[in-house]
Amino acid sequence: MKLAVRLVDIAARGVLLHQQDAKTLGVFPGDRVVITNLSTGFSIADYVETTSTLIKQGKLGIYHQSNEQLQVKDGESVEVRVSDRPVSLDYIRKKMEGERLSREEIKMIVTDIVHDNLSPSEITAFVICSYINNLDIDEIESLTRSMVETGDRLEFHTGPIVDKHSIGGVPGNKITFLVVPIIAAAGLLIPKTSSRAITGAGGSADLMEVLAPVEFSAAEVQQMTQKAGGVIVWGGATNIAPADDKIIIQEYPFKIDQIGQMIASVMAKKFAVGADVVAIDIPVGKNCKVHSIPEGRKLAQSFIEIGDRLGMRVECALTYGDAPVGRAIGPALEVKEALAILEGSESPNSLIEKSTEIAGIALELAGKANRGEGSALALDLLKSGKALKKMKDIIAIQGGNPEITSDLVKLGEFFHIVKAERDGYVVDLNNKSLITIARVAGAPNDHGAGLYIHAKPGTRLKRGDPIFTLYAERKWRLEKALETARTLRPVIVEGMLMDRVPNQREWLPSKQRNNGVE
Ligand SMILES: O=P(O)(O)OC[C@H]1O[C@H](OP(=O)(O)O)[C@H](O)[C@@H]1O
Ligand SMILES: Nc1ccnc(=O)[nH]1
């Protein structure tokens, strides 16, 4: 069928057919059609949406992203015909049934994800069935390799190339902002690509955006790393393992991160940048992605195994994840806290210790320190100010302002201090609730939103002492986040009195209740 093009300014893929034309063609919403540009002969396959009002019969609405490939003009004629459904849907279906997928089947799914041949709901189906039925180690290797093969790769001619990655899941985990400059200050190359938030309130890519642009091509990442020693960029913009971000986008609303996909997501990014040695941070805690030490050890073995199969030397650290790392949660707050440490602040100690331990493992793997001496070298590079200097180089090379200091980082203008309602001790912090509250306040997209924890577990508080300060860039978000905080009560302060259950029924003195009879 020939139809006349109407370009539709919607920043997505897809085409819009009049219901009558859809009927004539025999397609329903969600089906695919092949559209051919008659002047160039170039074709694309796209999903159909139908309308009885927005597009007249005889016309075909083409969304912006689809036309970036098709390159047709308003009014021009195109040929439209029914397309076959991608065979990868059958493989997703196979995984739904609990079967194992072969290397070729996984490669086909990943290729279709990268080329936008699967709709968001079809990618979600793949995410969810892998979540329910798990991926075995061979499937994880296939997924990792396919993610690398369908994107760009970096090739450095000097080595060793160092990398680090955290599996995430613990709020406030801004260690990348200390580890990367420490490694670069040791004279090593660390082309760090990060994802945005997956289950949290700020991924490292969201945090770095507070300081500098994070969207670069693979070639730019390589050049910048060679010049500055390191970078912190968003993997989703680089075309390095391009399927990764398309999968992560579908995980974000559910706050899930399936283990197999997580390993592939991390290891594909490491392999694609040409890493030789990799330190992996696995936070363990009751509200983390990994709940126990044995579970953490098992995951570590999978990372090491995939590293071996791909030719990277991997070591993992199981880290404390029962409470947030440091005190700040949310992009600007976290960056401020990390910069302050690079500038010489001695607290929070948990953040310094965790960062230098992970950097230490990487320094040892890269042969810069003897076994057991890496963290001391990392601490030296931090205390000497060399890591701060490197961080400024990194900010500058990415196009940010290297004169930025922790004092100048802008936080959300609306804030509220949540105070203790009674004397007592902070006995618990709920990571998941803290993340939910920070997200309701606007993090990670509103960079200034988040929360700063004044009292961590074990702190003795008097009634009226601050527990945490909530920040937002919009007033209504602050109010919504406060409401959420009141419901979730993310910080538990307990004295001897565990709880008090109020009686909210209307109260009348007994004389009145019994009609005056006492
Ligand atoms: O949102 P959740 O699930 O916590 O984890 C996502 C974060 O964890 C990793 O951290 P890094 O890049 O090693 O610093 C990712 O790249 C991302 O920044
Ligand atoms: N799934 C992932 C977890 C943590 N980091 C990533 O890049 N990906």
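Residues numbered from 1 in each chain as written. Chains lettered and ligands numbered in written order. Predicted model: local features only at pLDDT ≥ 70, side-chain atom pairs only at ≥ 80, totals over all residues.

- Looking at an unreviewed UniProt entry, one finds the protein named AMP phosphorylase and attributed to Methanospirillum lacunae.
- Looking at the protein in UniProt, the text filed under Sequence similarities (unreviewed entry) is "Belongs to the thymidine/pyrimidine-nucleoside phosphorylase family. Type 2 subfamily." (UniProt positions renumbered as here; feature names shortened; annotations may be inferred.)

**Some details on the site of ligand 1**
- Around ligand 1 lies a shell of 14 residues, among which Gly168, Ser194, Gly200, Gly203 and Ser204 are the nearest.
- Looking at the shell around ligand 1 residue by residue, the classes come out as two nonpolar, eleven polar and one charged. (Near = placed C-beta within 6 Å. Nonpolar A, V, L, I, M, F, W, Y, C, P; charged D, E, K, R; others polar.)

**With respect to the nonpolar core**
- The biggest cluster of nonpolar side chains holds 142 residues, and the ones touching the most others in it are Ile182, Ile183, Ala362, Ala441 and Leu470.
- Once you skip the residues sitting within four places of it in the chain, alanine 362 turns out to touch Val162, Lys164, Ile183, Val277 and Ala279.
- Listed in part, the 19 residues of the second largest apolar core include Val15, Val27, Val33 and Leu60. (Core = buried A, V, L, I, M, F, W, Y, C linked by C-beta atoms within 7 Å. Buried ≥ 20, exposed ≤ 12 C-beta atoms within 10 Å, placed from the backbone. Contact = placed C-beta atoms within 7 Å.)

**Focus: the site of ligand 2**
- Taken together, the neighbourhood of ligand 2 is formed by Ile167, Gly168, Ser195, Ile198, Asp257, Met262, Ser265 and Val266.
- Classifying every residue of the shell around ligand 2 by side-chain character gives four nonpolar, three polar and one charged.

**Side note on the packing of helix H7 (residues 176-185) against helix H15 (residues 349-365)**
- The N-to-C vectors of H7 and H15 enclose an angle of 40°; their axes lie 9 Å apart at closest approach. The angle between the axes of H7 and H15 places the two elements in the oblique class. In the packing of H7 onto H15, the handedness of the crossing is right-handed. Packed against H7, whose contacting residues are Leu178, Val179, Ile182 and Ile183, the element H15 presents Ser355, Ile358, Ala359 and Ala362 at the interface.
- Classifying every residue of the contact of H7 with H15 gives seven nonpolar, one polar and no charged. (Axes fitted to C-alpha atoms, helices over the stretch in contact; angles between N-to-C directions. Helix = DSSP H or I, 4+ residues; strand = E, 2+ residues; numbered from the N terminus. Parallel < 35°, antiparallel > 145°, perpendicular 65-115°, else oblique. Left-handed = near helix turned anticlockwise from the far one by under 90°.)

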